[in-house]
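# Results of the structural survey
Listed below, chain by chain, are the residues.
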Amino acid sequence: MQLTISVDGPFEPLPAGGAHYVPVVQNKKGELDALRRAPGLGDLITPMISVVGPATPVGKLSAAQTRSWVKKIEEAVGRAATYVDISRLDARNPIAVKRGSVPVYERLFELAAERGMKAIPVARVGSGFEAHNDMAAGAALRDHRGIALRVPIQGIVLRPGSSFPSLVEETLSRLHIDPAQIDIFVDLEFIDEDLEIDAEDICEIVEGIEQIAEWRNTVLLGTSMPASLSCVPQGSVGVLPRREWDLWRDVRGEMLGRPPVYGDYVVQHPKPPSSGGPGMRANIRYTAEEMTVVARGLSVMEEGKAQYTQLCLDLVDHDDFSGPQFSWGDQTIADCALGRIEPGDQTMWRGAGTSHHLAYVSTQIADLPAAS
């Protein structure tokens, strides 16, 4: 008979409850730079950081690379609670250590513990994640901070007679973690404009999962940011709807019980981009009330970085520009538009867009009236 492991202690990664914000960011330089400068980190914002592996699969990852990943994350978040997941990596990929080798996902939490970080592992509902989930449960048992359980709504094909709640129950039975120490992430991932989904559908899924147990928190996660910005003509300023924000507000208003915490993928598609390639167009993504303003330029290879100055001018002149004092990202955009700093590569503008987004969304959530 296997016993359920209860994680001791009152650790709470989302202390503001429904007024909190969970952004999912990749461990890219620009996004980590923005996170390090984010207002309210730990108080209003608890990030999930996705450690992204190489675009081309490798047999082994170096110990130095893994240490570097954790070091840069710790420099960005300090002692703030942080969910840590992986992308484009096999959790079992071996990392060489003195005692032999350790799977990469397990090693990430060992290194985080050495640095005194408040890292929270992420398990996943779905087939093929058994080893990953065992490592996540092991880290939760050792570090006593609970666990996140990600439920990818679009990424799971339900078998006849099964449901999302039943799959959650199956995964819970393997984790052996007290539900009171589990944060459920209902993950819509990319919400295509043609996808027919409404608040009632989401409420039904969330309420069905919440009936299973008294979870520590429930988070609704998603994004409308496509993998490609070809929908915005090059050399123009366009807008993309923030369906994830609209859906969350509707769910918040319709939920009978405790509404879920808001989460999104900031200004990126859920799947990590490639290195960009020769066809990449310069772009800056700038969050507004119910849309993302996209200033899109021409080919970076052909036109170079100088064109970002004009993109910054376009944003500063836009009605939705929040002003240079709003965030580090806004200051960067204004300084480049005025010629005070040289335009950098896309890493710089991923950081600027992420910085503005973090400040904007956390302000949006804080300004909402309390849920009834």
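Refer to the structure printed above.
Residues numbered from 1 in each chain as written. Predicted model: local features only at pLDDT ≥ 70, side-chain atom pairs only at ≥ 80, totals over all residues. Heavy atoms only, no water.

## Concerning the environment of Phe-185
With respect to the helices and strands, the residue Phe-185 is situated in strand S8 (residues 182-190). Given a relative accessible area of 0%, Phe-185 falls into the buried group. Along the primary structure Phe-185 and Val-206 are separated by 21 residues, whereas in three dimensions their C-alpha atoms are 9.5 Å apart. Leaving out residues up to four positions away in the same chain, Phe-185 has contacts with Val-22, Met-48, Tyr-83, Ala-148, Leu-149, Arg-150, Val-151, Val-219 and Leu-221. (Helix = DSSP H or I, 4+ residues; strand = E, 2+ residues; numbered from the N terminus. Buried < 20%, exposed > 50% of the residue type's maximum accessible area, 1.4 Å probe, protein only. Contact = heavy atoms within 4.5 Å.)

## A few points about the nonpolar core
The biggest cluster of nonpolar side chains holds 87 residues, and the ones touching the most others in it are Tyr-83, Tyr-105 and Ile-184. Look past the residues within four positions of Tyr-105 in its chain and what remains in contact with it is Val-84, Asp-85, Ile-86, Ala-91, Pro-121, Val-122, His-132, Met-135 and Ala-136. Residues Ala-288, Tyr-308, Ile-333 and Ala-337 belong to the second largest nonpolar core, which totals 17 residues. (Core = buried A, V, L, I, M, F, W, Y, C linked by side-chain atoms within 4.5 Å.)

## Description of the sheet that holds strand S2 (residues 48-52)
Ordered by their spatial adjacency, eight strands build a closed barrel running S1-S2-S3-S6-S7-S8-S9-S11, and the pairing between neighbours is parallel. Each neighbouring strand pair of the sheet contributes to a mean axis angle of 25 degrees, computed without reference to strand direction. Packing against the sheet, helix H4 (residues 130-143) makes contact with strand S3 (82-87), strand S6 (119-124) and strand S7 (147-152), and its axis sits at approximately 150 degrees to S6. The sheet strands contacting helix H7 (residues 243-254) are S8, strand S9 (217-223) and strand S11 (261-264), and the helix crosses S11 at an angle near 170 degrees. (Pairing = 2+ DSSP bridges. Axes fitted to C-alpha atoms, helices over the stretch in contact; angles between N-to-C directions.)

## Quick look at the side chain of Ser-50
The residue Ser-50 is located in strand S2 in this model. Taking relative accessible area as the criterion, Ser-50 reaches 9% and is therefore assigned buried. With sequence-adjacent residues up to four places away left out, Ser-50 is seen in contact with Val-25, Gln-26, Asn-27, Asp-85, Ile-86 and Ser-87.

## Quick word on the packing of aromatic side chains
Scanning all chains against the criterion turns up nine aromatic pairs. Considering the side-chain rings of Tyr-105 and Phe-109, the 5.0 Å spacing of their centres and the 90 degrees angle between planes classify their relative orientation as edge-to-face. On the criterion of helical spacing, the pair formed by Tyr-105 and Phe-109 is a turn pair, its members being four residues apart in helix H3 (residues 104-114). Residue class for Tyr-105 comes out buried when judged on its relative accessible area of 0%. Measuring from ring centre to ring centre gives 5.3 Å for Trp-248 and Tyr-262, while their planes differ by 65 degrees; the resulting arrangement is edge-to-face. With a gap of 14 residues between them, Trp-248 in helix H7 and Tyr-262 in strand S11 connect regions that are remote in the sequence. Of the residues examined, Trp-248 reaches a relative accessible area of 1% and is grouped as buried. Cluster of aromatic residues (ring-pair linked, three or more members): Tyr-21, Trp-245, Trp-248 and Tyr-262. Arg-37 extends its terminal NZ or CZ atom over the ring of Trp-328, reaching a point 4.2 Å from the ring centre. (Phe/Tyr/Trp six-rings, centres within 6.5 Å; stacked < 30°, edge-to-face > 60°. Lys NZ or Arg CZ within 6 Å of the ring centre and 35° of its normal.)

## As for the packing of helix H6 (residues 199-210) against H7
The contact between H6 and H7 brings their axes to 9 Å, and the two run at 60 degrees. In terms of orientation, H6 and H7 fall into the oblique class. Between H6 and H7 the crossing geometry is right-handed. Residues Ala-199, Glu-200, Ile-202 and Cys-203 of H6 form the contact with H7, whose own contacting residues are Leu-247, Asp-250, Val-251 and Glu-254. For the contact of H6 with H7, the residue count by class is five nonpolar, no polar and three charged. (Parallel < 35°, antiparallel > 145°, perpendicular 65-115°, else oblique. Left-handed = near helix turned anticlockwise from the far one by under 90°. Nonpolar A, V, L, I, M, F, W, Y, C, P; charged D, E, K, R; others polar.)

## Some thoughts on unusual backbone geometry
As a rule of thumb, non-glycine residues mostly have phi less than zero, and peptide bonds are mostly trans rather than cis. The backbone phi angle of His-144 is positive, close to 60 degrees, even though this residue is not glycine. With respect to the secondary-structure elements, His-144 resides in the loop between H4 and S7. A residue is classified by how much of its surface remains accessible, and His-144, at 39% relative accessible area, is partly exposed. The phi dihedral of Val-266 is positive, around 55 degrees, even though this residue is not glycine. As for its placement among the helices and strands, Val-266 is situated in the loop between S11 and strand S12 (281-287). Owing to a relative accessible area of 3%, Val-266 belongs among the buried residues under this scheme.

## Comments concerning H6
Here H6 spans 16 Å end to end across 12 residues, near enough to the 16 Å set by a 1.5 Å rise per residue. Burial in H6 covers these residues: Ala-199, Ile-202, Cys-203, Ile-205, Val-206, Gly-208, Ile-209 and Glu-210. Buried residues belonging to H6 abut S7, helix H5 (164-175), S8, S9 and H7. The N-terminus of H6 is capped by Asp-198, whose side-chain oxygen sits 3.2 Å from the backbone nitrogen of Glu-200. (Expected span 1.5 Å × (residues − 1). Polar contact = N/O pair within 3.5 Å; in protein donor to acceptor, adjacent residues only side chain to side chain.)

## A word on the pattern of salt bridges
As enumerated under the stated definition, the model contains 20 salt bridges in all. Among the salt bridges present, the one from Asp-33 reaches Lys-29, with a minimum N-O distance of 2.7 Å. Placement of both Asp-33 and Lys-29 in helix H1 (residues 29-36) is noted, with a separation of four residues, approximately one turn of the helix. Overall, the relative accessible area of 13% leaves Asp-33 in the buried class. For Arg-142, the salt bridge goes to Asp-143, with nearest N and O atoms at 2.9 Å. Residue class for Asp-143 comes out buried when judged on its relative accessible area of 15%. Each of Asp-85, Arg-124, Arg-150 and Asp-187 takes part in a single network of salt bridges with overlapping partners. (Salt bridge = Lys/Arg side-chain N within 4 Å of Asp/Glu carboxyl O.)

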